[in-house]
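# Architecture and fold: a report
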Amino acid sequence: MFETTVRAGVCRLFRPETRWLSTGWDGGDSVGDVAYNITVPEGWPETDLETYVAARRDEAGFDRPGPTLLTGVDQAHARRARLDGVAAVATAGVSNPASLPVERVVGDEAVDDDPALADEERHLGTVNVLVGTTRALAPGALPNLLTVAAEAKAATLLAVVGVPGTTTDAVVAACDPDGALAPFSGSATPVGRATRACVRDAVLASLRSRYADEALPTVESAPYGVVTDVRATVTRL
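Residues numbered from 1 in each chain as written. Predicted model: local features only at pLDDT ≥ 70, side-chain atom pairs only at ≥ 80, totals over all residues. Heavy atoms only, no water.

## What to know about the environment of Val171
For clarity, the cut-off: Here a helix means four or more residues in a row that DSSP labels H or I, a strand means two or more in a row labelled E, and each is numbered from the N terminus. Whether two residues are in contact is decided by their heavy atoms, any of which lying within 4.5 Å being enough.
By the element assignment, Val171 lies in strand E13 (residues 170-175). For the pair Val171 and Thr68, spaced 103 residues apart in the sequence, the C-alpha separation amounts to 9.9 Å. Here Val171 is in contact with Leu21, Ser22, Thr23, Leu69, Val129, Leu146, Ala149 and Ala150, once residues within four sequence places are set aside.

## Re the side chain of Thr5
Relative to the helices and strands, Thr5 resides in strand E1 (residues 3-7). Residues contacting Thr5, with those up to four places away along its chain left out, are Val10, Cys11, Arg12 and Phe62.

## Let's talk about helix H2 (residues 141-160)
Heads up, the rule is: Residue count minus one, scaled by 1.5 Å, sets the expected span of a helix. Only protein chains enter the calculation, and the probe is 1.4 Å; a residue is then buried if its accessible area is under 20% of its type maximum, exposed if over 50%, and partly exposed in between.
In this model H2 runs 29 Å from its N-terminal to its C-terminal C-alpha over 20 residues, within 8% of the 28 Å that 1.5 Å per residue would give. Listed as buried for H2 are Ala141, Leu142, Leu145, Leu146, Val148, Ala149, Ala152, Lys153, Ala154, Thr156 and Leu157. One or two steps after H2, the chain reaches Gly162, where phi turns positive at roughly 95 degrees.

## Re helix H1 (residues 49-60)
Defined as follows: Note: the arc covers the axis-to-C-beta directions of the helix.
Counted at 1.5 Å a residue, the expected span for H1 with its 12 residues is 16 Å, and the 16 Å between its end C-alpha atoms agrees. Taken as a whole, H1 has its buried residues at Leu49, Tyr52, Val53, Arg56, Arg57 and Ala60. Projected down its long axis, H1 shows its buried positions confined to an angular sector of 135 degrees, all on one face. Those residues of H1 that are exposed and angled more than 90 degrees off the buried face are Glu50, Asp58 and Glu59.

## Description of the packing of aromatic side chains
Rules: Stacked, edge-to-face and tilted are the three classes for Phe, Tyr and Trp ring pairs, Trp counted by its six-membered ring, which pair at centre distances within 6.5 Å; planes under 30 degrees apart are stacked, over 60 edge-to-face, the rest tilted. Whether a charge sits over a ring comes down to the Lys NZ or Arg CZ being within 6 Å of the ring centre and within 35 degrees of the ring normal.
Overall, the coordinates contain 3 aromatic pairs when judged by the stated rule. With a centroid separation of 5.9 Å and an interplanar angle of 40 degrees, the aromatic rings of Tyr36 and Phe62 are classed as tilted. Here the residue Tyr36 occupies a position in strand E3 (residues 28-39), and Phe62 occupies one in the loop between H1 and strand E4 (68-71), the gap between them amounting to 26 residues. Here Tyr36 and Phe62 have matching classes, each one buried. Across from the ring centre of Tyr211, 4.4 Å away, lies the NZ or CZ of Arg210, which sits over that ring.

## Focus on the confidence of the model for the protein
Selection criterion: Confidence of the predictor at the level of single residues is given by pLDDT, which spans 0 to 100.
Chain-level statistics for the protein give a pLDDT mean of 91 and a share of 91% at 70 or above. Confidence over residues 114-123 falls short of pLDDT 50; this stretch has 30 contacts with residues more than four positions distant or in other chains.

## Brief notes about the pairing of strand E2 (residues 10-22)
Applied cut-off: In this description, strands pair whenever DSSP reports at least two bridges between them.
Where burial is concerned, most of E2 is hidden: 11 out of the 13 residues are buried. In this structure, E1 lies alongside E2, joined through 5 bridges in antiparallel fashion. Bridged to Thr5 within E2 is Arg12. Connecting the antiparallel pair E1 and E2 is a turn made up of 2 residues, with Ala8 showing a positive phi of about 50 degrees. As paired elements, E2 and E3 share 10 bridges and run antiparallel to each other. By the bridge assignment for E3, Leu13 is matched with Ala35. The turn joining E2 and E3, which pair antiparallel and follow one another in sequence, is formed by 5 residues; a positive phi near 55 degrees is taken by Asp26. In terms of strand pairing, E2 meets E13 through 4 bridges, oriented antiparallel. What sits directly across from Arg19, in E13, is Cys175.

In structure tokens form, the structure reads like this:
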């Protein structure tokens, strides 16, 4: 799906005339040839993201703008997974987990499964996922593919870290407008099934690389993060 090039901490994904949908900075729908995943330094102070992103592209020798994700994870830990016309590229760091306690009932008692995390200064760990298919997706199927990718990312992180994501995660989904039409992209479709597998395997591989020489953070041990422990008011309609 993508031709990938990494230079100067910038990963460029290239495929001519691709339809993109991004949840990252300056995201939304677009059609173009490229998307980026850029590693930022620890303690990154930038607020003028447009200028910063353009400068990083220029430094890496990439002249075309496109959807851009930012991460604190070095591109050396980026991993790609491919299956049945789908490709996913992921960088995964989990030092800033975002915990969402879910109340369950045990007997007559409500129990919160997740402990609270320290609400300290944020560190950009970030799990970024860029996924694309060689199929053309119907108008609703590309947003749904993004949802499928985010769900697969969350399921993978819950299994290995105990949280569904970090405070800074983002996803880019893409398709080939000239490919064979796929009207749907849910988990039971060929595109959705391949996307789930690719996202899971790319995220796991990136985590293994990032934490090859240290223990994978757990909810209890991660140095940064938030816990959403407020409760909403629920009523019948």
